[in-house]
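Summary of the model geometry
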Amino acid sequence: MKHYTRRDFLRGTAAGALGASMGLCPRDVAFAAEPGEAKSRVILIRDERAMRADNTPDARVVETMLNKAVCRLAGKDDPAAAWKTYLHPDDTVGIKVTLYMISTHKEVIDAVRAGAQKAGVPDGKILVGDRGNSPGKDTPVTALVNVPSLKAHHMSGIGCVIKNYIVYHPQPASLHPDSCAELGAAWEVPAIKGKTRLVVVDGLFPLFDKGPQVTPKYRWPYGGILVGTDPVAVDAVCLRILQAKRDAFRGEPWPLNPPPKSLAVADTKYHLGTSAPEKIHLLKLGWDRDAFV
Amino acid sequence: MALCDPNRNSEAPSQRPATQRAKTRARLAAPLALLAWLATACAPGLRSMNPQATFPDEANGWRAADRIRAFDRSTIFEYMDGAGELYLAYDFRRVLVREYTRPGARRIIAEVYDMSSSQDAYGVFTHDPEGEDVGVGQDNAYAAGLLCFWKGPRFVRILAEQETPQARQAVITLGRSLAEGVAEGPRPALLNRLPPDHLAAGSARYFHTQVSLNYFYYLADANVLRLSPQTEVVMAVYRPKGEKITLLIVSYESRRQAQQAYRQFGRLYLEDTAEADRSPRIEALEGGRHVGALLKGQCVALVFDAVSRAACERLLAGAAAAL
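This report concerns the structure included in the present document.

What counts and what doesn't
- Residues numbered from 1 in each chain as written.
- Chains lettered and ligands numbered in written order.
- Predicted model: local features only at pLDDT ≥ 70, side-chain atom pairs only at ≥ 80, totals over all residues.
- Heavy atoms only, no water.
- Helix = DSSP H or I, 4+ residues; strand = E, 2+ residues; numbered from the N terminus.
- Expected span 1.5 Å × (residues − 1).
- Buried < 20%, exposed > 50% of the residue type's maximum accessible area, 1.4 Å probe, protein only.
- Contact = heavy atoms within 4.5 Å.
- Buried area = accessible area lost by both parts, 1.4 Å probe.
- Salt bridge = Lys/Arg side-chain N within 4 Å of Asp/Glu carboxyl O.
- Nonpolar A, V, L, I, M, F, W, Y, C, P; charged D, E, K, R; others polar.
- Phe/Tyr/Trp six-rings, centres within 6.5 Å; stacked < 30°, edge-to-face > 60°.

A few points about helix 3 (residues 59-74) of chain A
Residues and elements named next belong to chain A.
- Relative to the 22 Å expected for 16 residues at 1.5 Å per residue, helix 3 spans 22 Å between its end C-alpha atoms, a close match to the ideal helical length.
- All of the buried residues in helix 3 are Val-61, Val-62, Met-65, Leu-66, Asn-67, Ala-69, Val-70, Cys-71, Leu-73 and Ala-74.
- Residues of helix 3 that are buried sit in contact with strand 1 (40-46), helix 4 (79-84), helix 5 (106-118), strand 7 (196-207), strand 8 (224-228) and strand 9 (280-286).
- Backbone geometry just downstream of helix 3 places Gly-75 in the positive-phi region, at approximately 75°.

Have a look at this one:
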């Protein structure tokens, strides 16, 4: 893997699939205009009622949002049919969530569980967990739904979809150096490799700086959920949201440091998906004010 | 580009053992860390040997939980996963954690970080010094239910899960209690080397390693400046005539180390092998931005992102005079 300096980003030689995912590059690279032009599709759905005034989610609104998003991703009208696109009655489904620091909201987890049930998966074959209890770690699963929360991360730039699997690696901390560039290695662990069917990002109340420790002044009620099947593409959209929010907050460019090299490496080395905006079709549904993408 | 390997030896994170060993260690971690705390809490500036006595039992109606959790350098990931690297980048010893609850209200979580020096407690604080000054510790910042402050070798972080007027008062009360009896300690002396003209208030940062540098100001994947736990770095933003310029001053253990780092910076960042030793120097880089570099004694000063060459020269000259 090539090493980069700040100058590589400033002069654009780290652009393309690598640079486009990193905070120091030009931020006006557009997502694919039409689905046909894209390699990957990401659905962003937002609802201003998703977060109540006390910054707790409304479970009913959240479940409705998620079902709509999955329907659009699958191209189906019926939620059950849409969920069956990704999960099957004979699956043992692992829902890998984030339970520490900026945790995945229970309302999102419940909505994913309900979705798996709609697909016909018995409740007893739906496992939810994190860290030592992560589904697939000790208990075998046939399918995974990756359900992280959206947050900036002081070690990796962004700590979301790709980073959510670090706990599967036998030595998680060994993935910390070089801005956590090798996070994609965690996806190679045999117990989970190739089993991720769906990505659902809890963007209801994200954190745009100082993650993963909870720092309330950098959280905001975005009221969003992102879904997709390409983990790198979903992270690339999440990155764009965080970066735009940071710039808006400061009123000047506020690069997400360190640049999230792990996305580029997940793309080019581990081939987990695409980080290039022009290969990602982003479909936005619902509330559009301050969507940042 | 053939960059040197990052200096990871001393900052290599602890690696998690296999699952079973991890579980065993987790069971033992808290009591062992508490013992370690008891063994070392006589360090200057710490009020008490007794973790129980560190925390008040009550604050504005929030009652302390019986359990106090303790984590040291080897177990901090058990508490906060990768977030622990922030503290491991300094000479962090241990953290005590206690929760406070009140019927009908969300939790308050108090974390007391024991650093080896007041300088490092200050350094951790500079990761996020923005907020309201509520008069706790040597510097503090309160915002949206989170109070952070440092005093002596302690860095303290108190979080109300939901900010209400009552929770805010409880957080501040807890902070005052945790600051009591802790002797103040000196700030890093290197801060005095920052030229005062056009220095942006609250922008100073203090750290040691590459991990921190790339969080504050991404320079390169590799450890171009040869930072290590033994190096001291101050960084600050300057705003002359609307510009936003970053000044970095690195103090090495020896003049030779400073020379090596300066040469490596010239070679790898300025991409200039022939004149890598030239000091001072100002180079125009991409986007019309200027970089200034200076080697003086065992210090290296670097100016980044100056639009005007004159501003770069002035700031570098200011640093030269202060070093």
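We are not done yet, so read on.
Structural notes on the interface of chain A and chain B
- Taken together, the contacts link 43 residues of chain A with 52 residues of chain B.
- Note on chain A versus chain B: buried area summed over both sides is about 4100 Å², and carbon and sulfur give 50% of it.
- Together, Arg-6, Arg-7 and Gln-213 of chain A form the three largest contributors to the area buried by chain A at its contact with chain B, with a combined 17%.
- Close ionic contact of Lys-244 of chain B with Glu-252 of chain A constitutes a salt bridge, the shortest N to O distance being 3.1 Å.
- Listing elements by their share of the side of chain A that touches chain B, those giving two or more residues are helix 1 (6-10) and helix 6 (177-180) of chain A.
- A per-element tally of the side of chain A that touches chain B places helix 1 of chain A first, with five residues.
- Of the residues that constitute the side of chain A that touches chain B, the class distribution is 17 nonpolar, 11 polar and 15 charged.

A look at the packing of aromatic side chains
All names here are of chain A.
- Enumeration over the complete set of coordinates arrives at 24 aromatic pairs over all chains.
- Between Tyr-165 and Tyr-168 the ring centres are 5.2 Å apart and the planes differ by 80°, which places this aromatic pair in the edge-to-face class.
- On the basis of relative accessible area, Tyr-168 is assigned to the buried category, the value being 5%.
- Grouping aromatic residues by their ring pairs yields a cluster made of Phe-208, Tyr-218, Trp-220, Tyr-222, Phe-249, Trp-254 and Phe-292.

Limitation: the analysis is restricted to geometry and does not speak to function.
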